[in-house]
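Read off the chains here:
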Amino acid sequence: VKFPLFKESGEAYAAAGMCLDITEQLHLQEELKKLNEELEDRVASRTAELSQAYEALRESESRLTKTTENAPCLIYQFVTRPDGSAYFPYSSAFTKTYFGVEPEDIRKDASAIVSLFHPDDVPLYVAEVKRALANRDLFKLEWRLRFPDGRITWAQAISRPEFLDNGEVLWNGVLMDVTERKQTEHALAEREAEFRTLIDNIIAPSDTFDILQYDIAMD
């Protein structure tokens, strides 16, 4: 660095200068440059990895969404609060198909679904909930639903309880409409009862059989 020296008259009479050894500084700058380049490379590489991971996750979520939304059953998360109320943080599109209720309508309050439980089957439902909670076991039950139009269906649910820190219980499960199977079972039971009645009427009591034998012998 150079600069002029001036007399009192303002005339320049000499030049002064200062020299600094900046070798170390240049080395540091070079190292810093390399570090910045390495950091940029790492950031770029990490960004590419995250981008690929995000894309894979998005595709996976898309496949999962298509699977759950098109499944012929209800995939759900059902939460029971300590005060006895409940809600569905998540329920698949089958909610609308089966219950006639939008998933958004039960996100904070599950009463629109619970109110459909057949009153005669509520004790069975409550007992199974208590059993599953006490044993930390799977909830498994078939029970009836009664709709406002008088229609009655059968539902089968399987879920596992998860105890949350806030005292709530999260049930991850699946619910299926088994009405057709139950109707088939009922029809088969009726046919079996009719068949047994028919068999009982065909087989004659022993005394009647003896009378028939006697009549045949007299003839």
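The rules behind these values
- Residues numbered from 1 in each chain as written.
- Predicted model: local features only at pLDDT ≥ 70, side-chain atom pairs only at ≥ 80, totals over all residues.
- Heavy atoms only, no water.
- Salt bridge = Lys/Arg side-chain N within 4 Å of Asp/Glu carboxyl O.
- Helix = DSSP H or I, 4+ residues; strand = E, 2+ residues; numbered from the N terminus.
- Buried < 20%, exposed > 50% of the residue type's maximum accessible area, 1.4 Å probe, protein only.
- Expected span 1.5 Å × (residues − 1).
- Arc of directions from axis to C-beta.
- Contact = heavy atoms within 4.5 Å.

Novice: Explain the pattern of salt bridges here, please?
Specialist: Inspection of the entire model under this criterion finds 12 salt bridges. The closest approach of N and O atoms between E49 and R46, which form a salt bridge, is 3.2 Å. Linking E49 with R46, this pair stays in helix α1 (residues 23-70), spanning three residues, or about one helical turn. In this structure E49 comes out as partly exposed when scored by relative accessible area, which is 42%. Between R131 and D137 there is a salt bridge whose closest N-O contact spans 3.2 Å. Put simply, E142, R181, K182 and E185 are held in one network by salt bridges that share partners.

Novice: Looking at this structure, I do not really get helix α4 (residues 122-135). What am I missing?
Specialist: Across its 14 residues, α4 extends 20 Å between first and last C-alpha, which sits within 8% of the 20 Å expected from 1.5 Å per residue. For α4, every residue scored as buried is listed here: Y125, E128, V129 and A132. Axial view of α4: buried residues confined to an arc of 105 degrees, hence all on one face. Opposite the buried face of α4, at more than 90 degrees from it, the exposed residues are P123, K130 and A134. Elements that come into contact with the buried residues of α4 comprise β3 (74-80), β5 (139-146), β6 (152-163) and β7 (169-177). Positive backbone phi, at 50 degrees, marks R136, one or two positions downstream of α4.

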